[in-house]
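Analysis of the macromolecular model
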Amino acid sequence: MQADLLQGTLDLLILQTLVLGAAHGHTIAHVIEHRSEAVLQVEHGSLYPALHRLEDRGWIASFWGTSENNRKARYYRLTAAGRRQLAQQTSRWEQLVGAINRVLRPAKE
Amino acid sequence: MSWLRFLHRDRWDQERRRELQAYLEIETDENIARGMTQEQARYAARRKLGNPTQIREEIYRMNSLGFIESLWQDLRCGVRMLCKNAGFTAIAVLTLALGIGANTAIFSVIHAVLLSPLPYDNPDRIVLLMESDPAKGFPTFSVSPPNYVDWRNSATSFEAMASISPGTFNFASGAEPERLRGARVASSFFTAMGATPAMGRTFLPEDDVVGKASVAVLSYGLWARHFGSDPQVIGKSLTLDGKSYRVAGVMQNGFQFPPGAELWLPSEFAKDDLGPDARGAHYLWVIARLKSGVSIQQAQGEMQAVSSGLEHQYPRTNTGWTSRVVSLSERTVGNVRSTLFVLSGAVGFLLLIACANVANLLLARASARRREIAIRFSMGAGRLRIARQLVTESILLSGSASGVGLVLAEWAIRALRTLPPSNLPRAESIQLDLPVLGFTAVIAILTGLLFGLAPALQITRGAPVETLKEGRRASSTGRHGVRSALVVLETTLALVLLVGSGLLLKSFVRLQSVDLGFQSRNILTGELSLPRSKYSTGQQQIQFFEQVLERLESVKGVREAALASGNPMQGSNYSFAFATKDLQALAPADQPSAGYYVVSPNYFQTLGIPLLAGRTFTREDSQGTPRVAIISRALARRFFYDRNPLGQTIAIGAGQGTVWREIVGVVGDVKDDSPEEGAMSAYEPYTQMAWDDMTLFVRSDGDASKFATTIRAEVMAVDKDQPVADISTGEQLMAQAVAQPQLRTLLLSLFAGLALVLASLGIYGVMSHTVAQRTHEIGVRMALGAGRSSVLRLVLSNGMRLTLLGIALGSAGAFALTRLMKGFLFHVTPTDPVTFVEVALFLFLVALLASYIPARRATRVDPVVALRYE
């Protein structure tokens, strides 16, 4: 259960990162770490398999591009299906977080 | 996962490699921007990414058809490993092939003999009905015709019941007469067996009536052999025992009951056969088909009630007689079952020993491969993945071994199939068919798991870093525990098998050395059966036999020729109740019985049976002179005590009009029934008691077998229609009598011998390995002044400790298990201490030798070399 949750979370974060535009793996990891104020450390051992999985499902697409420093890099962008998936997963995530919060901090009577 | 992706997975991998490379470059750039040196920056980037190969592999796996893919990889890798270590592979495959082959062969026998149904319709409903008088020593016995008729009329548990009277018939056809095996059966026989004819019909109820038109049913084989598979055979006539029969039908191919029967005639019960005196004449087999829903127990209950009714009605003949209901398949294979049970246990043990041996080999090799595996670990291979690869290798090993094992099993089966049915019923149907192959496949996988799992777990347990640090001196004491335990296990199992085969061997030797009371060397025997139609009077029969004997005795090279109503080499044929003047008052049912032979004067001399007192029969004992008899020593001792039996009288065949015969001689006992005890026998001259069914004995100067054609020719010179059947030498008959104990002794000894070889190889292997690993330690000891003998003792004591433990455990195991073989033993108890000690000592010595060789190698260790080796 926990593994599923975390894996799903990484997928969600990747999709969210790509909403802003295409990015390569390094940027994706960087953005996630930066935006979470370094709380979430992305393991590259799971990042690349996750990217592969998302691409396999058709939620993201990839192409080769040139990086800021003129290096060749593989870029990923969100597909239409990916956008739908992101909306769906976000709302599920919010429900889940809300539910957990209600359990942890019961509303005052 | 799509097939397309699967096929393109290598291109994908290239992509990923480039992508990861790009990542490293970008990260390095950033690190440099953060102020690191080029070197530091690259190192930090690598550390951040982790193991790129592992990431690639994970993605690669996502693209592949997981299990099949890695299985294929493992198989290829396994084949490479096995080919690289050809010596190891050969030994392991051969060891396992012996175990798997033996198991396959024994299972194929069990499958064909015990598990496959008999070739009849609903064979589990066919039962044999027998009479039984345990108190008189007849746990199962033939049925008398009047009892059969009463059973058939009153029992309600059966759909059909039929009498069978097996017999032989002289068949006159073409140049040489032939004797055919067959049976006279009641018309309900074919219904009870559930057998239908291939053509024509079987018997009808009206065929049971004596004197109606004579009809015969042929077996498929006889129809093909003698009638050239003539489709118009129905209605044709054939001559049996000089009488003409019309062919009514031909049975399906494969139908042969009683075993060996080639033709069936309707039963003929004359008035006398069903009369009150005939109730004591037991000679019929009775089979029946249970009604559906009736169990054997229920049928048994009813039959017992019927028998006790007859006991009350006819106390004179039926007192003590009850009946038994046994399933036909049980009866057909009953005595083989326990043999096969013991043998399958033995091959199971053998396979376990083979597994232990191969596991030991694998463990030894595991230490050599420890570095390889450790490197794989550090390269990112998962534990499960490595364990799976090792197990795949093991199963590959056991798979190849089953291939070789199947070849071995096929050889064994070919040998077993040639055995006569008396040794192994249904032997002809043994084959490597689908169920047997399935069995082999299952044991191949199981053995692969059994011997592969332990080494695989062992090897993947340790910390890889430690192993790499250890360097090439891969020594670990932990693994020794498992290897030693395996050696103990092997020794234990081998000892159990050795004790078992030792007991059987001892029994067999004692069985062989029993003095049977007669000579079988240089003797040729044959069966003569005179048809009543041609030789209706006793005088004609006596005349025929006299002429045959006279002609045979004048043949050059023939010492003696004799005749008897039974052949002691095949077990006595007849047993009759008898009375002396003392026993006369007893009811017939209580009178003692003895083996009974009608013989020609030369019989005792021909068979080397010693005359102990009085005289043998002569030509003067004839129809006109007073009736005489000869008795065996056991009978004389038991019933005449210290009185001289000569001149006393005896009546044989009680209840049929008592005729008193004077005892003129006492001869040695003949163990014709069982080697256990000398049976009481009584003899009568054939000239006073004509007999139409005789065994011919010819004793010659040298090899008797060359007289076979002479015997046929001389008999045909007296009567050209008279065949001589079953001509065989005394040696052949004696070999046949002990064939079954011989077979099981041979097989068990073979398995035990193999077990011994494998176990001593195991001990040798472990000791060699220990010595090799302790070279350094031994070198140190010797450098510090330890003598060769103390080194020798060090190594030997190690090996012997394991052996002794195995012997102790094995003795306990054998003690518990050998009682299962009680029925096979002759003059040896299942816990015979001498055998136990002998076997233990033998195994100890073999083990000593097996560890002495490596121990001597240890003493040759040069301390300087051993220490420098470090």
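In this text the structure is predicted, and so the values were computed from the model without any measurement.

A look at the overall build of chain A
- The helix and strand tally for chain A stands at four helices and three strands.
- Secondary structure elements in chain A, listed N-terminal to C-terminal, are α-β-α-α-β-β-α.
- The buried share among the 109 residues of chain A stands at 28%.
- Excluding contacts between residues fewer than 6 apart, the proportion of contacts in chain A whose partners are at least 24 apart in sequence is 45%.

Let's talk about the overall build of chain B
- When helices and strands are counted, chain B shows 26 helices and 22 strands.
- Each of the 870 residues in chain B was classed as buried or not, and the buried ones make up 41%.
- Residue pairs at least 24 apart in sequence account for 81% of intrachain contacts in chain B once pairs closer than 6 positions are excluded.

Some words on the interface of chain B and chain A
- Between chain B and chain A, the residue contacts involve 17 residues of the former and 14 residues of the latter.
- Elements represented by at least two residues in the side of chain B that touches chain A include exactly α2 (9-33), α3 (38-49) and α4 (52-63) of chain B.
- Looking at which element gives the most residues to the side of chain B that touches chain A, the answer is α2(B), with nine residues.
- Of the residues assigned to the side of chain B that touches chain A, the class counts are eight nonpolar, two polar and seven charged.

Digging into the confidence of the model for chain B
All names here are of chain B.
- Chain-level pLDDT for chain B is 84 on average; 91% of the residues reach the 70-or-more range.
- Between residues 472-478, whose pLDDT stays under 50, and residues either more than four places distant or in other chains, the model counts five contacts.
- For this predicted complex, the interface confidence score (ipTM) comes to 0.73, while the overall pTM stands at 0.69.

Regarding the nonpolar core
Residue and element names in this part refer to chain B.
- If you look at the biggest cluster of nonpolar residues, it comprises 101 residues, and the most contacted ones within it are L350, I353, A494, L495, L497, F751 and A755.
- For this core, the element with the most residues is helix α12 (residues 328-378), which contributes 21 residues.
- L497 has contacts with A346, F349, F751, A752 and A755, leaving out every residue within four places of it along the chain.
- Counting residues in each nonpolar core, the second largest holds 61 residues, with L530, I542, V670 and M689 among its members.

Re helix α23 (residues 775-783) of chain B
Residue and element names in this part refer to chain B.
- Looking at α23, one finds that the buried residues are T775, I778, G779 and M782. One face of α23 carries all of its buried residues, which in axial projection span an arc of 105 degrees.
- On the buried face of α23, the contacting elements are α22 (739-773), α24 (788-817), α25 (833-859) and α26 (863-868).
- Backbone geometry just downstream of α23 places G785 in the positive-phi region, at approximately 110 degrees.

Observations regarding the environment of L792(B)
Residue and element names in this part refer to chain B.
- By the secondary structure assignment, L792 is in helix α24.
- By C-beta crowding, L792 is classed as partly exposed, having 15 other C-beta atoms within 10 Å.
- On a C-alpha basis, the gap between L792 and Y852 in space is 8.0 Å, while along the polypeptide they are 60 residues apart.

Details of the environment of E620(B)
- For E620(B), the location among the structural elements is in the loop between β16 (611-614) and β17 (628-632).
- Note: C-alpha distance between E620(B) and P601(B) (19 residues apart in sequence) is 9.9 Å.

Comments concerning the pairing of strand β19 (residues 660-667) of chain B
All names here are of chain B.
- Here β16 runs beside β19; their pairing, made up of three bridges, is antiparallel. The partner of A613 across the bridge, within β19, is V666.
- For β17 and β19, the ladder comprises five bridges, and the chain directions are parallel. Within β19, the position partnered with I630 by the bridge is G665.
- With three bridges connecting them, strand β18 (residues 649-652) and β19 associate as antiparallel partners. Bridge pairing in β19 places I650 opposite R661.

Structural notes on the confidence of the model for chain A
Residues and elements named next belong to chain A.
- Averaged over all residues, the pLDDT of chain A is 82; the fraction at 70 or higher stands at 90%.
- The lowest-confidence element of chain A is helix α1 (residues 2-19), averaging 74 in pLDDT; the highest-confidence one is helix α4 (residues 80-104), averaging 89.
- Here residues 1-5 is modelled with pLDDT under 50, and outside its nearest four sequence neighbours on either side it reaches zero contacts, counting other chains as well.

Focus: the pairing of strand β15 (residues 593-599) of chain B
Residues and elements named next belong to chain B.
- Burial analysis of β15 places six of its seven residues in the buried class, the great majority of the element.
- In terms of strand pairing, β15 meets strand β20 (residues 681-685) through five bridges, oriented parallel. Counterpart to Y597 in the pairing with β20 is Y683.

Regarding the sheet that holds strand β3 (residues 72-78) of chain A
Residue and element names in this part refer to chain A.
- Strand order in the open sheet made by the three strands is β1-β3-β2, with antiparallel pairing throughout. For this open sheet the edge positions go to β1 (23-24) and β2 (60-66), each flanked by a neighbour on one side alone.
- Sheet topology note: the β1/β3 ladder contains two bridges and is antiparallel. Note on β3: the bridge partner recorded for A23 is Y76.

Analysis parameters
- Residues numbered from 1 in each chain as written.
- Chains lettered and ligands numbered in written order.
- Predicted model: local features only at pLDDT ≥ 70, side-chain atom pairs only at ≥ 80, totals over all residues.
- Helix = DSSP H or I, 4+ residues; strand = E, 2+ residues; numbered from the N terminus.
- Buried ≥ 20, exposed ≤ 12 C-beta atoms within 10 Å, placed from the backbone.
- Contact = placed C-beta atoms within 7 Å.
- Nonpolar A, V, L, I, M, F, W, Y, C, P; charged D, E, K, R; others polar.
- pLDDT = per-residue confidence, 0-100.
- Core = buried A, V, L, I, M, F, W, Y, C linked by C-beta atoms within 7 Å.
- Arc of directions from axis to C-beta.
- Pairing = 2+ DSSP bridges.

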